[in-house]
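# Analysis of the macromolecular model
The primary structure of each chain is shown beneath.
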Amino acid sequence: MDLKDLMEFVQATARSVGAEISSPWFYLQFGLILAAAGIAYAAEAGVRNRIDMTSLAMRWPLPLRHFARVMVSSASTAVFTLLVILSRVVMYHATWPSRSYLLMVAAKLGLAWLVIRLVTSVLRNAFIVKLVSITAWFVAALSILGQLDATVDLLDSFAIVLGGLRLTPLLVLKAGALLLIALWLTNIASNFAESRINATTDLTPSVQVLLVKIIRIGLLAVAIVIALGAVGIDLSALAVFSGAVGVGIGIGLQKIVANFISGIILLADKSVKPGDLVTIGDNTGRISAMKTRYISVAAGDGREFLVPNEDLVTQKVVNWTYTDKNTLVKIAFGTNYDADPRLVTKLAAETAAAHPRATKGKPPNSILTEFAEAGMKFSLTFWIADPDGMDNVKSDVMLALWDAFKREGIRVPYPVREIRIRGGALPVETAVEVPN
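Residues numbered from 1 in each chain as written. Predicted model: local features only at pLDDT ≥ 70, side-chain atom pairs only at ≥ 80, totals over all residues. Heavy atoms only, no water.

Labelled according to an unreviewed UniProt entry, the protein chain appears under the name Mechanosensitive ion channel, originating from Bradyrhizobium xenonodulans. A UniProt comment under Sequence similarities (unreviewed entry) is attached to the protein chain, and it reads "Belongs to the MscS (TC 1.A.23) family." On record in UniProt, under Subcellular location (unreviewed entry), the comment for the protein chain is "Cell membrane". (UniProt positions renumbered as here; feature names shortened; annotations may be inferred.)

### A few points about helix H2 (residues 24-50)
End to end, H2 covers 40 Å across 27 residues, agreeing with the expected 39 Å (1.5 Å per residue, within 8%). Listing the buried residues of H2 in full gives Phe26, Gln29, Ile33, Ala36, Ala40 and Glu44. (Helix = DSSP H or I, 4+ residues; strand = E, 2+ residues; numbered from the N terminus. Expected span 1.5 Å × (residues − 1). Buried < 20%, exposed > 50% of the residue type's maximum accessible area, 1.4 Å probe, protein only.)

### Overview of the UniProt feature "transmembrane region" (unreviewed entry) in the protein chain
Sites flagged by UniProt as "transmembrane region" (unreviewed entry) map to residues 25-47, 67-89, 101-120, 127-148, 168-189, 210-233 and 239-267. The span residues 25-47 carries 100% helix and 0% strand; its end-to-end C-alpha distance comes to 32 Å. Secondary structure within residues 168-189 divides into 95% helix and 0% strand; the distance between the first and last C-alpha atoms comes to 31 Å.

### Digging into the environment of Arg357
Here Arg357 is to be found in the loop between helix H13 (341-353) and strand S9 (365-371). The class for Arg357 is partly exposed, based on a relative accessible area of 31%. Considering only alpha carbons, one finds Arg357 and Asp386, 29 residues apart in sequence, at a separation of 8.7 Å. Beyond its immediate chain neighbours, meaning those up to four positions away, Arg357 contacts Trp383, Ile384, Ala385, Asp386, Asp388, Gly389 and Val393. A polar atom in the side chain of Arg357 sits 2.5 Å from the backbone oxygen of Asp388. (Contact = heavy atoms within 4.5 Å. Polar contact = N/O pair within 3.5 Å; in protein donor to acceptor, adjacent residues only side chain to side chain.)

### What about the side chain of Thr186?
Secondary-structure assignment places Thr186 in helix H8 (residues 169-198). On the basis of relative accessibility, which here comes to 12%, the residue Thr186 falls in the buried class. Contacts of Thr186, omitting those with residues within four sequence positions, involve Leu219, Leu220 and Ala223.

### Regarding the nonpolar core
Phe333, Val344, Leu380, Phe382, Val397 and Phe405 are the most contacted members of the largest nonpolar core, which totals 20 residues. When contributions to this core are tallied by element, the ones reaching two or more residues are strand S8 (327-335), H13, strand S10 (376-384) and helix H14 (390-408). Not counting chain neighbours up to four residues away, the residues in contact with Phe382 comprise Thr327, Leu328, Val329, Ile331, Ala352, Ala358, Pro364, Val393 and Val397. Grouped together as the second largest cluster of nonpolar side chains are 14 residues, Val272, Ile280, Val297 and Phe305 included. (Core = buried A, V, L, I, M, F, W, Y, C linked by side-chain atoms within 4.5 Å.)

### Regarding the packing of aromatic side chains
As enumerated under the stated definition, the model contains three aromatic pairs in all. Aromatic pair Phe333 and Phe405: ring centres 5.9 Å apart, planes at 50°, arrangement tilted. Of this pair, Phe333 sits in strand S8 while Phe405 sits in helix H14; the two residues are 72 residues apart in sequence, bridging distant segments of the chain. Like Phe333, the residue Phe405 is buried in the burial classification. Geometrically, the ring pair formed by Tyr337 and Phe371 is stacked, given 6.3 Å between the ring centres and 20° between the ring planes. Of this pair, Tyr337 sits in the loop between S8 and H13 while Phe371 is found in strand S9, placing the two residues 34 residues apart along the sequence. For Tyr337, a relative accessible area of 43% puts it in the partly exposed group. By relative accessible area, which is 59% here, Phe371 ends up exposed. (Phe/Tyr/Trp six-rings, centres within 6.5 Å; stacked < 30°, edge-to-face > 60°.)

Encoded structure:
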């Protein structure tokens, strides 16, 4: 379709619309449509006030219950469509069919919108629902008005040729619609596979995450290939851009690619996995999720640290639960020189052994480590079965040790400083220069 054909199409459409508007039957139909819209709006308000959506048709079968809820939520459209259909039937039998053409178009558009609402009600994403609804209704409107073929020809008439690829607005719209459907189906399939894999107890958490990522990436690639092939795009025609894409990935996306590869390495070697307690730099917490670009470390106080996967591969990471959850707790303390060091070590070991989380099979150990300037220094070590709440355990043992020292009259040393000033002033020497 060239510019001349486009102008002729616009002129023909304008003449048709002008002829329709000049007819007095047009205003009668338009008035009936406005009246139906007003009644439908009032009816929807009444339906919503009288019907409880949560308990609607609870005893009905699931398909009927779903249909009823969609119809109630779209009550205005349903009432409008019904009134317009009744008006169309009355005018069709009372006068010529051409004098109720506008009512027929309005009724078909209302029915199309109800069908679209029923179909899109299974979708969860609000943006996708709006996009699909508007697009489908627009296509239905063009088909009802008999302008769908002309619009398709118009969209296909403008083209940009890149190598062996002919890009048109129609091709882009088709590719986008098919990609949207393919990605939606891919998301459903990958979520189903993820639920099945996570329910398998024979696989470790890291292997489960790795399998889910491989399945998602594989399904995504298959969906893109199928969608592009379905609209007639030859993938070999895109080979011209592969070099530029490779350079872009190498320069602009190198960090993203590095984190992606690092994530696969972490999942494969099982050095960290969901549920591990790790220390990365100054941050300590449990790994709550492993994503394509980062891992999420929950600190336990409401914060979550998002650590890039590359940092876990290239930097030092302390994994408290890598092979064994048993954790050694170390407590350093001191006493003055009036205390009996043998009694101090005995009290410390007994205090640690009395804690409910101390491992019974590994007795605590307390030793004298240093004769310091301010007093004697000791070290207390004991094992707990899990590193969770290790700071709380240390606090409990230190408080119990303080109570034991109080009972035995053992004092904890603290530094004492004395400052002495002689004469109240410092001597100042003044030099006098004698001229020659």
